[in-house]
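Now for the letters of each chain:
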Amino acid sequence: MTTPRARQVTSIVGGSPVTGVRTVASTNPANLEEVVGEVSFADAATFVGAAEAAKKAQESWAAVPAPVRGRAIAHIGRLVEDNAEALARLVTAEIGKPYGEALGEVREIVDTCDFFLGEGRRLYGQTVPSEMPDKQLFTFRQPVGVVVVITAGNFPVAVPSWYIVPALLAGNAIVWKPAEYSAVVSAAFHELFVRGGGLPDGVFNVVHADGAATFEGLEKALDARLIDKVGFTGSSAVGKEIGALTGRNLQTACLELGGKNPLVVTPTADLDLAVEGALFSGFGTAGQRCTSLGTVIVHESVHDEFLGRFNAAVAAAKIGDPTREVLMGPMLDQKFADRYEEYLDWIQPHQKVQAARGRITADNPRAGFVGDPAAGLYYHPGVVDGVRVGDRLFMEETFGPIVGVTTYRALAEAIELANAPGYGLSSSIYTTDPKDAFTFRTKISAGMVSINNSTSGAEAHLPFGGNGKSGNGSRQSGVWVLDQFTRWQSVNWDYSGRLQKAQMDVAELTPDTTFRL
Ligand code: UN1
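No experiment lies behind these values; they were computed from the predicted model shown.

Peer 1: Is there a simple way to think about the site of the ligand in this case?
Peer 2: Near the ligand you find 13 residues, and of these Arg289, Cys290, Thr291, Gly457 and Ala458 are the closest. Between the ligand and the protein, one listed contact pairs an oxygen atom with a side-chain N or O atom of Arg289 at 2.8 Å. Within the backbone of Ala458, an N or O atom sits 2.7 Å from an oxygen atom of the ligand. In isolation the ligand has 320 Å² of accessible area, and contact with the protein removes 99% of it. When its residues are assigned to classes, the shell around the ligand shows six nonpolar, four polar and three charged.

As structure tokens, then:
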């Protein structure tokens, strides 16, 4: 059934729609009967064409004064704000994110615009003293050129804005490849940006394509030197492929990958606060954030008490229709539901699961379910106690509503457990002891550390990014992301009228090194 609001979505290259090679319906995961839009998927040639269009448009975009580009960002932020409810409703309809969270996600675009609109009037370079007279040194931030942005659909508008807003502000042109299952939301985002910013054709192109066509197009466009930077948010496995491809072209991608984010509960923790944090970060967005909680590492002295309260909170949480007040809606898309079923097969006999598991159905019901579970991709939340180093559930990211629990005796052991999976995105510790908090901060491998707060819910103007399997050290957000989308250019200007040779023609004062008081 195609609902009246089902939209037709195509790629937009150089300001014009480009019909692709096949059309796929994007459905509502909370109501699989509802077609949210019909999406025309492009081939690799369209991707390359988009990179060409971006390259053509980039120079004149970079010539627009940065404060004027900052004004464009200001207008985009305002237009997004004025369309916040409609955009959030679309997020909920296409990926099943609970409406309250979807509104928060839209807010994150506005926050990002708020931060960068003023950056157009800064985008500072430096003046640097020269070692020689009559010579001046400067640094300038130069846009990198054409930026390809490939994003996941769990944050279909907030995370793209982390790339696209600063990249545009810095004078780059963009080719965006959004997730297949959030194409309709992406089309709305693209339209808001182009209209709100008054962006010239070709400055912001969007290509809807599957992974294979994208990879082929990316490889060709990189080989043809049409692309200067790739930003990617998604799995560690695909991140490695993109890192290899860009590396072969002497480029460093901005990679924001998976996580197995630990939450440590110490003996001095406020247990109710820790339970609240574990509940939100474990099961908010149905566990499908890169910052979602992976494993609770709880001190053995408070394990039973914590687990009892945590299980009770999970049992009481509202699950169901994402347009209503729920903690957790459906999985984002069929492919995530299928993968979640695989993760459930990883549960082993030495691990204990308190509640029902698998798909929520009439035969496998969930008390207090909001709405009709048969309509969508709804799953029971899982708390798996007794996970150990080496277990797949302990070591690998499980993108979905499943949280492992394990115990520790000394903080050093907790940190070792927290670092063991080899990711390093987000992390959390609940404690009232400053020594624990700072020891954890120092030794944890994660790029982001929460103290008495959950692993998810980072603010939009602090560096966001991970280490190890979570990324290659790149950071998004705030001033830090500017280093992804600009390159430093050093300028020296010698007006002495002579060739002054650095290191050689440098005057030296004569120190009296033998002087003593
Ligand atoms: C993601 O899942 O890719 O910190 C990003 C958070 C959100 C962003 C998550 N602000 O949980």
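Right, picking up where we left off after that structure.
Peer 1: Help me understand the environment of Thr514 in this model?
Peer 2: Summarising the element assignment, Thr514 is placed in the segment after β20 (486-494). What makes Thr514 exposed here is its relative accessible area of 63%. At 3.0 Å, the side chain of Thr514 and the side chain of Asp512 are in polar contact.

Peer 1: What's the story with the sheet that holds strand β13 (residues 261-265) in this structure? I'm lost.
Peer 2: Strands belonging to one sheet form pairs held by backbone hydrogen bonds; the direction of such a pair is parallel or antiparallel. Spatially, β15-β16-β17-β14-β13-β18-β19 is the arrangement adopted by the seven strands of the open sheet, whose pairing is mixed. The open sheet terminates on both sides in strands that have one partner only, identified here as β15 (352-353) and β19 (448-451). Of the pairings in the sheet, the one linking β15 to strand β16 (residues 382-385) comprises two bridges and is antiparallel in character. When the bridges of β16 are listed, Val353 appears paired with Val384. Taken strand by strand, helix α10 (residues 303-316) contacts β13, β14 (293-299), β16 and β17 (402-408), and its axis lies near 165° from that of β16.

Peer 1: Whenever I open this one, the nonpolar core confuses me. Can you help?
Peer 2: Nonpolar side chains in soluble globular proteins tend to end up buried together. Grouped together as the largest cluster of nonpolar side chains are 121 residues, with contacts concentrated most on Ile164, Phe193, Val296, Phe306 and Phe310. If one sorts the elements of this core by residue count, helix α5 (residues 158-169) sits on top with nine residues. Beyond its immediate sequence surroundings of up to four residues, Val296 is in contact with Leu263, Val265, Ala278, Phe306, Phe310, Val403, Gly404, Val405 and Thr406. In this structure, Ala213, Ala221, Leu226 and Leu245 belong to the second largest nonpolar core, which totals 28 residues.

Peer 1: Can you walk me through unusual backbone geometry in this structure?
Peer 2: Excluding glycine, most residues fall at negative phi; most peptide bonds, likewise, are trans. Residues other than glycine seldom take positive phi values, yet Ala286 does so here, at roughly 50°. According to the relative accessible area criterion, Ala286 is buried, its value standing at 0%. At Gln503, a residue that is not glycine, the phi angle is positive and equals roughly 70°. By the element assignment, Gln503 lies in the segment after β20.

Peer 1: Would you mind going over the pattern of salt bridges with me for this structure?
Peer 2: Think of it this way: side chains of opposite charge can pair up when their charged atoms draw near. Taken as a whole and assessed by the stated rule, the structure comprises 17 salt bridges. With its nearest N and O atoms 2.9 Å apart, the salt bridge here joins Asp272 to Arg309. Here the residue Asp272 occupies a position in helix α9 (residues 271-283), and Arg309 occupies one in helix α10, the gap between them amounting to 37 residues.

Peer 1: How should the environment of Ile415 be read in this particular structure?
Peer 2: Turning to its location among the elements, Ile415 is positioned in helix α13 (residues 411-419). The sequence separation of Ile415 and Ser445 amounts to 30 residues, and the corresponding C-alpha distance is 8.9 Å. Setting aside anything within four residues of it in sequence, one finds Ile415 in contact with Thr439, Phe440, Lys443 and Ile444.

What counts and how
Residues numbered from 1 in each chain as written. Predicted model: local features only at pLDDT ≥ 70, side-chain atom pairs only at ≥ 80, totals over all residues. Heavy atoms only, no water. Near = heavy atom within 4 Å. Polar contact = N/O pair within 3.5 Å; in protein donor to acceptor, adjacent residues only side chain to side chain. Areas by Shrake-Rupley, 256 points an atom, 1.4 Å probe, with all protein chains shown as cover. Nonpolar A, V, L, I, M, F, W, Y, C, P; charged D, E, K, R; others polar. Helix = DSSP H or I, 4+ residues; strand = E, 2+ residues; numbered from the N terminus. Buried < 20%, exposed > 50% of the residue type's maximum accessible area, 1.4 Å probe, protein only. Pairing = 2+ DSSP bridges. Contact = heavy atoms within 4.5 Å. Axes fitted to C-alpha atoms, helices over the stretch in contact; angles between N-to-C directions. Core = buried A, V, L, I, M, F, W, Y, C linked by side-chain atoms within 4.5 Å. Salt bridge = Lys/Arg side-chain N within 4 Å of Asp/Glu carboxyl O.

Read these as geometric descriptors, not functional statements.
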